[in-house]
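If you want the building blocks of each chain, they are given just below.
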Amino acid sequence: MAVAFFDHPFLKGHHAPQRFEADAPDLIIHGELPQDLAGVFVRNGPEPLHPPREGDYHWFDGDGMVYAFQIEDGRVSMRNRWVRTEKFELEKAAGKRLFGVFGNPMTADPSVQGKRYNTANTNVIIHAGKLLALMEGAPAVELDPRSLDTLGEHDYGGTITTTFSAHPKVDHFTGELINIGASINGPMGEPEIRYDVIGPDGSVRKAERIKVPHHALIHTFFVTQNWVVFPIIPIDSDLSRYMSGGPMTAWVDGRPTKLAIMPRNGTAEDVRWFEYDPRHMFHECNVWEDEQGRIVADVAAANGTALFPNQDGVRRTHAETLQSLRRWIIDPKANTAWIKEEVLNERDIQFPRPDDRLMTRASRQAFGNINLKSRDGRADGMDAVLRFDTVTGAEDIYHFGEGASAGELIFAPKLGGTEEADGYAMTLVHRANEPGSELAIFDAKNIAAGPLCTVEIPFRVPSGFHCNFYAADSALYRGAYGAA
Ligand SMILES: [Fe+2]
């Protein structure tokens, strides 16, 4: 018999798990679906099959559930499936949770000691013909692009067997997938990361190991045409701190942000370290090199975080740790190892995104879901979406209404389009007191006008993490689905 979930901010409201899989062909569309929009919108997020054992939960801990919306021939269909990792299958067979929160071995059932904690819940991408569900603590998991059936962990021919980033970058100019693996030696081993370059054919061209100061949560990293940057923020996982009664994962007060800069084709010996004030930074919009050769990184950053407690167990509030869109300038030629920071936009932003085709090169438009009126945007939902012009500073905002929860807003190119932001922007949204959710599709250059159309989803899709759109005429789409 299934046990009821307990009361927790990330297990109720917009976050309440639905715990079912569906096929919904030919969804009802309100408004006009643009004729030059076709492709697939995929999203991953946490959907816990069972309540955790400890009576505590973390938003990052649910089992991955992938939603795929196929947009073709003027129709939209939807399918969602759990990612059937070994963890998921073991717990489904047992009819209860077996792993500890975040895979903590101290609180796990003895039957899963030594088994891999892979939730595959954070992102879902297409590269080299494969649809991959990703979390940062385990290998990528390959899914069938159409059926979403789980095909198993993909270890790149035995090359990438430990951890795989939830935010690898596709360089659309080279077709490469640039990746990292964090804490590749485990929480008790030497703190070390692995930097991978995966060719457009899926072959691993480079796998370089780099020592880092501690077991930081390295949720993202930067790639430009010539550089790669590994930001080490002041959040770490420390098993010995946990054994002493402290939090396993914590923000460590007073610890600077450290950034390892390396030529993209370089080695660990080429790494140069930069520093800055303590910053929480899990997501960048885009990163590139300016005409002076400086690395320009537009990031969502804050001076602390409410996602994890401090090392002494004290937790800050969302209001105390609001993120804003900031520009970090790193000058590889400078005599100083200090970076510069400028606030571009002060809105409480969650997931900033560029026109993905420009990743690694200069871009101007930033898209994002933001919090206008919610008390706690992470738990209560981000209730609006934003396009921000980083050159003019102009904002283009749409508010979904009080109590709404909008997911990541991503850019979707129109068929045949090549100019930056020439196309659409879309997000999954649940409006307060509505039984279902919507896929809201905007003109990317006029968000304030409201959605051009909304695709009606006949049930609430729980708030999730990351999504991506692959246009039907893109090389990445054709690699996975064939010619449109
Ligand atoms: Fe993320």
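Residues numbered from 1 in each chain as written. Predicted model: local features only at pLDDT ≥ 70, side-chain atom pairs only at ≥ 80, totals over all residues. Heavy atoms only, no water.

Naming follows an unreviewed UniProt entry, where the protein appears as Dioxygenase of Novosphingobium ginsenosidimutans.

A. Region of the structure containing the pairing of strand E8 (residues 140-143). Covered by surrounding structure in E8 are Ala-140 and Glu-142 together with Val-141 and Leu-143, the residues of both alternating faces. Alignment of strand E7 (residues 130-134) against E8, held across three bridges, turns out to be antiparallel. Across the sheet, Leu-132 pairs through a bridge with Glu-142, a residue of E8. Taking the residues between adjacent antiparallel strands as the criterion, E7 and E8 are bridged by five residues. Here E8 pairs with strand E9 (residues 150-154) via four bridges, running antiparallel. From the neighbouring strand, Glu-142 faces E9, where its bridge partner is Gly-152. Turn length for the E8-E9 hairpin, with the two strands adjacent in sequence and antiparallel, is six residues, and the turn residue Leu-148 shows positive phi of about 65°. (Buried < 20%, exposed > 50% of the residue type's maximum accessible area, 1.4 Å probe, protein only. Helix = DSSP H or I, 4+ residues; strand = E, 2+ residues; numbered from the N terminus. Pairing = 2+ DSSP bridges.)

B. Quick look at the coordination of the iron ion. Bound to the iron ion are the protein donor atoms His-167 (NE2), His-219 (NE2), His-283 (NE2) and His-466 (NE2), situated 2.0 to 2.1 Å from the metal. For the iron ion, the four donor atoms are set out with angles of 91 to 163° between them, so the coordination reads as irregular. Written as a sequence motif, the donor arrangement for the iron ion is H-x51-H-x63-H-x182-H. With His-167 in the loop between E9 and strand E10 (169-171) and His-219 in the loop between strand E13 (204-211) and strand E14 (222-223), the pair connects residues that are 52 residues apart, well separated along the chain. (Donors = N, O, S within 2.8 Å, 3.2 Å for Na, K, Ca; no water. Tetrahedral: all angles 85-135°; square planar, octahedral: opposite > 155°, others 65-115°.)

C. Geometry of the sheet that holds E10. Pairing is antiparallel in the open sheet, where four strands are placed in the order E10-E11-E12-E13. Each edge of the open sheet is held by one strand with a lone partner, namely E10 and E13. Strand-to-strand twist of the sheet, defined as the mean angle between neighbouring strand axes without regard to direction, takes the value 20°. Across five bridges, strand E11 (residues 176-181) lies against strand E12 (residues 192-198) in antiparallel orientation. Counted as the bridge partner of Asn-179 is Asp-196 from E12. (Axes fitted to C-alpha atoms, helices over the stretch in contact; angles between N-to-C directions.)

D. Examining the environment of Val-197 more closely. Following the sequence through the fold, Val-197 ends up in strand E12. Residue class for Val-197 comes out buried when judged on its relative accessible area of 7%. Taking the C-alpha atoms as reference points, Val-197 and Asn-179, 18 residues apart in sequence, are found 6.4 Å from one another.

E. Here's a closer look at the pattern of salt bridges. Under the criterion given, the structure shown has 37 salt bridges. For Asp-23, the salt bridge is made with Arg-81, and the minimal N-O distance between the two is 2.9 Å. Taken as a pair, Asp-23 in strand E1 (residues 22-24) and Arg-81 in strand E5 (residues 75-82) lie far apart in primary sequence, 58 residues in all. Under the relative-accessibility criterion, Arg-81 is labelled buried at 16%. Glu-438 is the partner of Arg-431 in a salt bridge, and the nearest nitrogen-oxygen pair spans 2.9 Å. When its relative accessible area of 17% is taken as the criterion, Glu-438 is described as buried. The network of salt bridges with shared partners includes Asp-61, Asp-63, Lys-87, Glu-91 and Arg-97. (Salt bridge = Lys/Arg side-chain N within 4 Å of Asp/Glu carboxyl O.)

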